[in-house]
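Next come the chains, spelled out residue by residue.
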Amino acid sequence: MNDITNPTEPSAPRRLVLNMAEERPMYSIPQWAVEEIRAALPPGWEMTVVEEPADGRGDGADDSPGARAAMDAVRGAEVYLGFGVPEPLFAAATEGAEARLRWVHSGSAGVGGSLHAAMRASNVVFTNSAGIYAQPMADTVLAMILHFARGLDIAVRAQAERRWNQAPYDTTDAPVRELSESTLGIVGLGGIGRAVARRGVALGMSVVATRRRGTEGPDGVEVLSGPGALERILPRSDYLVLAVPQTAETRAMIGARELAMLPEGAVLVNVGRGALVDEPALIDALRGGRLRGAGLDVFATEPLPADSPLWDLPNVLVTPHVSGASHRYWRRQTDLIMHNLRRYAAGEPLRNTVDKNAGY
């Protein structure tokens, strides 16, 4: 990687394009963050800020006004900061005599829409925001677990009907559980999985997790890896949390067979991607009563269609893909960008570099 402080063409300023004025206020870059990033640039660099709104809700397949407005800005740029990089935008930045693009950073954790053939074949370094969302997403996972563990779903329905209903809690098979007597299974021990695991350990749960490679995990966490890891974790998981990215390997990884392997009364929590789960199979399992419930923040089709049975099932908690919402997003995001700017300047490997072959 070329040294960011020693341009090969001194007459032409080296340029960074910032396209993160998202249409949702919480995710639109604040002015203080713009100024911090600008101040972090070495001498001889300039920054172009795209004012039109981008769209960070997907995984890089952005067709927003911001993406279209950036088409001219990226020509000749060396660094692009946006919410993924769709193929037309990538082509504009990498084709022609003035092409200089060397690093793309996405403000999203998902990268599927950016891993088109041109990106995969290029030597452009691609970083994402994995880990930025870990803390709020882990909090959401914990809330979903407690929702079912303490029977809050039953209480919410009774409250809506103005009924004082203690009966479901008084039976010998009452659907309430103490977390310290439960096992938390986590599929995917990345940033989100680790944050969930630490919360489970702190609450006295037995925690077991799968990871693609290696067996190292947070203290108190049993790690499973290699062939058959998923089959080994399922029968042990009173609460199964899906925290893996969507790849060819993970698509539909939880179907009827896998759901049947969970303990009776288990709860499924999915904050990864909707495509990880066979939704019709999950609906059947929930209707059959074998599962205690499901906390779902992501779905096969988003927004979740109005005619989806998931809306009406009493043992389903639906949140509209908001598990990562946090007012601390931009502090974490800006810190990550500036950390990588320093590493780029020093010619060092960047944090959160995406494995283009693995898909995350």
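This one's a predicted model, so the numbers in the text were calculated from it and none came from an experiment.

So, how was this worked out
- Residues numbered from 1 in each chain as written.
- Predicted model: local features only at pLDDT ≥ 70, side-chain atom pairs only at ≥ 80, totals over all residues.
- Heavy atoms only, no water.
- Helix = DSSP H or I, 4+ residues; strand = E, 2+ residues; numbered from the N terminus.
- Rg over C-alpha atoms; globule rule 2.2 N^0.38 Å.
- Buried < 20%, exposed > 50% of the residue type's maximum accessible area, 1.4 Å probe, protein only.
- Contact = heavy atoms within 4.5 Å.
- Areas by Shrake-Rupley, 256 points an atom, 1.4 Å probe, with all protein chains shown as cover.
- Lys, Arg positive; Asp, Glu negative; His and termini not counted.
- Charge placed at Lys NZ, Arg CZ, Asp CG, Glu CD.
- Pairing = 2+ DSSP bridges.
- Axes fitted to C-alpha atoms, helices over the stretch in contact; angles between N-to-C directions.
- Polar contact = N/O pair within 3.5 Å; in protein donor to acceptor, adjacent residues only side chain to side chain.
- pLDDT = per-residue confidence, 0-100.
- Parallel < 35°, antiparallel > 145°, perpendicular 65-115°, else oblique.
- Nonpolar A, V, L, I, M, F, W, Y, C, P; charged D, E, K, R; others polar.

Now for the overall build of the chain. When helices and strands are tallied, the chain shows 12 helices and 12 strands. Its C-alpha atoms give the chain a radius of gyration of 23 Å, within 12% of the compact-globule value 21 Å for 360 residues. Taking the principal axes of its C-alpha atoms as reference, the chain extends roughly 80 × 45 × 35 Å. Out of the 360 residues in the chain, the part that is buried amounts to 50%. Expressed as a percentage of contacts within the chain between residues at least 6 apart in sequence, the contacts between residues at least 24 apart total 65%. On the chain, roughly 16,500 Å² of surface is accessible, and the fraction owed to carbon and sulfur atoms is 51%. Looking at the chain, you have 36 positive and 43 negative side-chain charges, and the mean spots of the two groups are 4 Å apart.

So, about the sheet that holds strand β1 (residues 14-18). Here we have 5 strands laid out as an open sheet, ordered β2-β1-β3-β4-β5, and parallel in their pairing. Where the open sheet ends on each side, the last strands, each with one partner, are β2 (45-49) and β5 (125-127). On average, each strand axis in the sheet is inclined to that of its neighbour by 15 degrees, with strand direction left out of account. Both strand β3 (residues 79-82) and strand β4 (residues 103-106) contribute to a ladder of 4 bridges, which runs parallel. Following the sheet pairing, Leu81 is matched in β4 by His105.

With respect to the secondary-structure elements, Asn315 resides in the loop between β11 (293-296) and β12 (316-318). Within the local environment of Asn315, its side chain forms a polar contact with the backbone oxygen of Leu286, the two atoms lying 3.1 Å apart. Asn315 has contacts with Phe148, Leu286, Leu291, Arg292, Gly293 and Ala294, leaving out every residue within four places of it along the chain.

Moving on: the environment of Thr183. With respect to the secondary-structure elements, Thr183 resides in strand β6 (residues 183-187). For Thr183, a relative accessible area of 18% gives the class buried. On a C-alpha basis, the gap between Thr183 and Met205 in space is 5.7 Å, while along the polypeptide they are 22 residues apart. Dropping the residues within four chain positions of it, Thr183 is found in contact with Met205, Ser206, Val208, Arg236, Ser237, Asp238 and Tyr239.

What follows is about the confidence of the model for the chain. The pLDDT averaged across the chain works out to 94; a share of 97% of its residues lies at or above 70. pLDDT under 50 marks residues 1-10. Its contacts with residues more than four places away, or in other chains, come to 19 contacts.

The next point concerns the packing of helix α1 (residues 31-40) against helix α12 (residues 329-345). Where α1 meets α12, the closest approach of the two axes is 10 Å, and the angle between their N-to-C directions is 10 degrees. Here α12 runs roughly parallel to α1, going by the angle between their axes. Contacts from Trp32, Ala33, Glu36, Ile37 and Ala40 in α1 reach Trp330, Arg331, Thr334, Ile337, Met338 and Leu341 in α12. For the contact of α1 with α12, the class distribution of residues is 8 nonpolar, 1 polar and 2 charged.

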